[in-house]
Amino acid sequence: GGFHATARPEDLLKSDCVDVVVRGEGEETLLELAENVKNGIYDFKAIKGISYKNADGTISHTPERGLINPLDNIPFPRRELIFDYDKYTPEQLGWIMTSRGCPYDCAYCNSKTIWERKVRFSPLEKVIDEINYLKTTFNSIHINFMDDSFTVNRNRVLKLCSMLIENKTGITWACLTRADLIDDEIAVSMKKAGCIKVDIGIESGNKRMQQLINKGIKLEDVRKSSDILKKHGIFWTGFFMMGFPTETKEEILETLKFMKEVNPNWAYLNIFTPYPGSKFYDMVEGDKLFQQQNNINIYSHQSPNNCFSTNISRDEFKKVVKLMFKEFNRHNSSLRSLLRRAYSKKYHRNPKQFLKDAGKVLSWLRP
């Protein structure tokens, strides 16, 4: 998560360092690094927030750089600077973060290693400006708000909804939030302001696992938010996860049962992946598989090889993974789910997205 960039510009070869990694929140650090290289300065000891490999193979770490505060000190990203940006669809370019950070402490998440457990908000006027820029420059009429928990500040969301309506932006949008941060007033305001989809992280349908992952929600919260979103006609997706440390086959199957109970319009399934800085990472650090695959290959949310539970064999885990994905794909490929997704995506406004999604569905239906 967060901003991680590795850099190996040709100019760096003139210096004693070969590889440079920007740690944490990177805008100010990367700018300072680029200015040093541009000016022929290759001694990076004074730049906070980087790690680099020296010519002798040793690694140097400079002190941490503080978080950027307030966020209005940095401009919003200029998508036209992306290499071959014209190959991206307007929707792919229409992603906005209106805040950074999450106050919660889920055991599988390493967000706090980047943002800490603080939430910093961009000024709402800046959010409106970025939306107008995306509409004018790229014809982006659908926006994905990528905040960790979009409705964590209830009054701010209500104000943003009012501003979206007052400014007649005419966009549709989606967001990610928590099951315990949804109520009727929020749902009504969001829908009036153009919200057509809400993503909710549920992870597990088992009470013990919910306590272990420390998400801080109850299964009843999910049931309630599901009812609210359905009542107000907002398409919602549920994010689920399996393979947590100590999870059993029976507990995994409870997640499947719960998914079918709350019946999201769309259901995503991921396999637990241990991220450095998370509590679960410490739990599995001694695992033989983890030690053997402690490289980029392990960071896949879909690999059945990522079995880190001591309560289920690897062979049995692979069988359960196959069953779970089969059932989730069956749920998503039902006619009801496909029609609701088609409606939420507003395909009449974006035919290219329809063709892309149709290709995905066909791939699921192949034997």
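Residues numbered from 1 in each chain as written. Predicted model: local features only at pLDDT ≥ 70, side-chain atom pairs only at ≥ 80, totals over all residues. Heavy atoms only, no water.

**A short note on the confidence of the model for the chain**
Turning to step 1, where the next piece is worked out: Mean pLDDT over the chain works out to 86, with 83% of the residues at or above the 70 mark.
Turning to step 2, where the next piece is worked out: Contacts of residues 1-17 to residues separated by more than four positions or lying in other chains number 38 contacts, the stretch itself having pLDDT below 50. (pLDDT = per-residue confidence, 0-100. Contact = heavy atoms within 4.5 Å.)

**Observations regarding the packing of aromatic side chains**
Turning to step 1, where the next piece is worked out: Applying the stated criterion to the full structure yields 14 aromatic pairs.
Turning to step 2, where the next piece is worked out: Ring geometry for F145 and F150: centres 5.0 Å apart, planes at 20°, overall stacked.
Turning to step 3, where the next piece is worked out: Taking relative accessible area as the criterion, F150 reaches 4% and is therefore assigned buried.
Turning to step 4, where the next piece is worked out: Judged by centre distance (6.0 Å) and plane angle (45°), the ring pair of F244 and F272 falls under tilted. Of the two residues, F244 sits in the loop between β11 (235-242) and α9 (249-262) while F272 sits in the loop between β12 (266-271) and α10 (279-284), which places them 28 residues apart along the sequence. With respect to class, F244 is no different from F272; both count as buried.
Turning to step 5, where the next piece is worked out: Through a chain of ring-to-ring contacts, the aromatic side chains of Y108, F244, F272, F280 and F308 assemble into a single cluster.
Turning to step 6, where the next piece is worked out: The residue whose ring lies beneath R78 is Y133, and the NZ or CZ to ring-centre distance is 4.8 Å.
Turning to step 7, where the next piece is worked out: One residue, R178, lies across the ring of Y104, its end atom 3.6 Å from the ring centre. (Phe/Tyr/Trp six-rings, centres within 6.5 Å; stacked < 30°, edge-to-face > 60°. Buried < 20%, exposed > 50% of the residue type's maximum accessible area, 1.4 Å probe, protein only. Helix = DSSP H or I, 4+ residues; strand = E, 2+ residues; numbered from the N terminus. Lys NZ or Arg CZ within 6 Å of the ring centre and 35° of its normal.)

**Considering the environment of D282**
Turning to step 1, where the next piece is worked out: Mapping D282 onto the fold places it in helix α10.
Turning to step 2, where the next piece is worked out: For the pair D282 and A107, spaced 175 residues apart in sequence, the C-alpha to C-alpha distance is 9.9 Å.

**Some points on unusual backbone geometry**
Turning to step 1, where the next piece is worked out: Looking along the chain, the bond that leaves N69 and enters P70 is cis, with omega of 0°.
Turning to step 2, where the next piece is worked out: A positive phi angle, near 70°, is found at E203, a position not held by glycine.
Turning to step 3, where the next piece is worked out: Counting through the fold element by element, E203 comes out in strand β10 (residues 195-203).
Turning to step 4, where the next piece is worked out: Given the relative accessible area of 6%, E203 is considered buried.

**Quick look at α9**
Turning to step 1, where the next piece is worked out: The end-to-end C-alpha distance of α9, which contains 14 residues, comes to 20 Å, matching closely the 20 Å that a straight helix rising 1.5 Å per residue would cover.
Turning to step 2, where the next piece is worked out: If you check which residues of α9 are buried, you get E251, I252, T255, L256, F258, M259 and V262. Each buried residue of α9 sits inside an arc of 165° when the element is viewed along its axis, so together they form one side. Facing away from the buried side of α9, by more than 90 degrees, are the exposed residues E250 and K257. (Expected span 1.5 Å × (residues − 1). Arc of directions from axis to C-beta.)

**Digging into the side chain of D105**
Turning to step 1, where the next piece is worked out: Position of D105 among the secondary structure elements: in the loop between β6 (99-100) and α3 (112-115).
Turning to step 2, where the next piece is worked out: Apart from residues lying up to four places away in sequence, D105 is in contact with K112, R117, I213, N214 and K279.

**Side note on helix α5 (residues 154-166)**
Turning to step 1, where the next piece is worked out: In this model α5 runs 19 Å from its N-terminal to its C-terminal C-alpha over 13 residues, within 8% of the 18 Å that 1.5 Å per residue would give.
Turning to step 2, where the next piece is worked out: Taken as a whole, α5 has its buried residues at R156, V157, L158, L160, C161, M163 and L164.
Turning to step 3, where the next piece is worked out: Residues of α5 that are buried in the fold lie against β7 (120-121), α4 (124-138), β9 (172-177) and α6 (184-192).
Turning to step 4, where the next piece is worked out: Residue K168 follows α5 closely and has a positive phi angle near 50°.

**Quick notes on the packing of α4 against α5**
To characterise two packed helices, one gives the angle between the axes of the helices and the distance between these axes.
Turning to step 1, where the next piece is worked out: Packing of α4 against α5 leaves a shortest axis separation of 11 Å and a crossing angle of 40°. In terms of orientation, α4 and α5 fall into the oblique class. With respect to the hand of their crossing, α4 and α5 are arranged in right-handed fashion. Where α4 approaches α5, its residues L124, E125, V127, I128 and I131 are matched on the opposing element by R156, K159, L160, M163 and L164.
Turning to step 2, where the next piece is worked out: Here the contact of α4 with α5 is composed, by residue class, of 7 nonpolar, no polar and 3 charged. (Axes fitted to C-alpha atoms, helices over the stretch in contact; angles between N-to-C directions. Parallel < 35°, antiparallel > 145°, perpendicular 65-115°, else oblique. Left-handed = near helix turned anticlockwise from the far one by under 90°. Nonpolar A, V, L, I, M, F, W, Y, C, P; charged D, E, K, R; others polar.)

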